[in-house]
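Below are the chains, spelled out letter by letter.
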Amino acid sequence: MKRITTDPAICHGQLTVRGLRYPVQLLLERLSSDMTIDTILADYPDLERDDLLAALEFGALTTGDHRVVPLDAA
């Protein structure tokens, strides 16, 4: 979860991965389409496998009764 960050100066404060300009929502949409992790990594070379896994973990945690807040937003 340390990879999920938010910064008002980056992507209008959307949750992103490692402060890069890749919103978690975009990555989850890519993963839910027919794109594989390897395809996404090939298309976005500055992303790492653990970034995509963190996005999946975040998505899974936020669908239940849990409230997840990135540490830098607390």
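Please refer to the structure higher up on the page.
To start, this report covers the structure provided alongside it.

What counts as what
- Residues numbered from 1 in each chain as written.
- Predicted model: local features only at pLDDT ≥ 70, side-chain atom pairs only at ≥ 80, totals over all residues.
- Heavy atoms only, no water.
- Helix = DSSP H or I, 4+ residues; strand = E, 2+ residues; numbered from the N terminus.
- Buried < 20%, exposed > 50% of the residue type's maximum accessible area, 1.4 Å probe, protein only.
- Contact = heavy atoms within 4.5 Å.
- Areas by Shrake-Rupley, 256 points an atom, 1.4 Å probe, with all protein chains shown as cover.
- Arc of directions from axis to C-beta.

When its secondary structure is counted, the protein shows three helices and two strands. Listed by position from the N terminus, the elements making up the protein come as β-β-α-α-α. Relative to its full complement of 74 residues, the protein shows a buried share of 31%. Counting only contacts in the protein whose residues sit at least 6 apart along the sequence, the fraction spanning at least 24 positions is 41%. Approximately 4800 Å² of the protein is accessible, and the part contributed by carbon and sulfur atoms is 52%.

It helps to recall that an α-helix has 3.6 residues per turn; residues three or four apart then point in one direction. The set of residues buried in helix H1 (residues 24–32) consists of Val24, Leu27 and Leu31. In a view along the axis of H1, the buried residues occupy a sector of 65°, so they form one face of it. For H1, the exposed residues set more than 90 degrees away from the buried face come down to Gln25 and Ser32.

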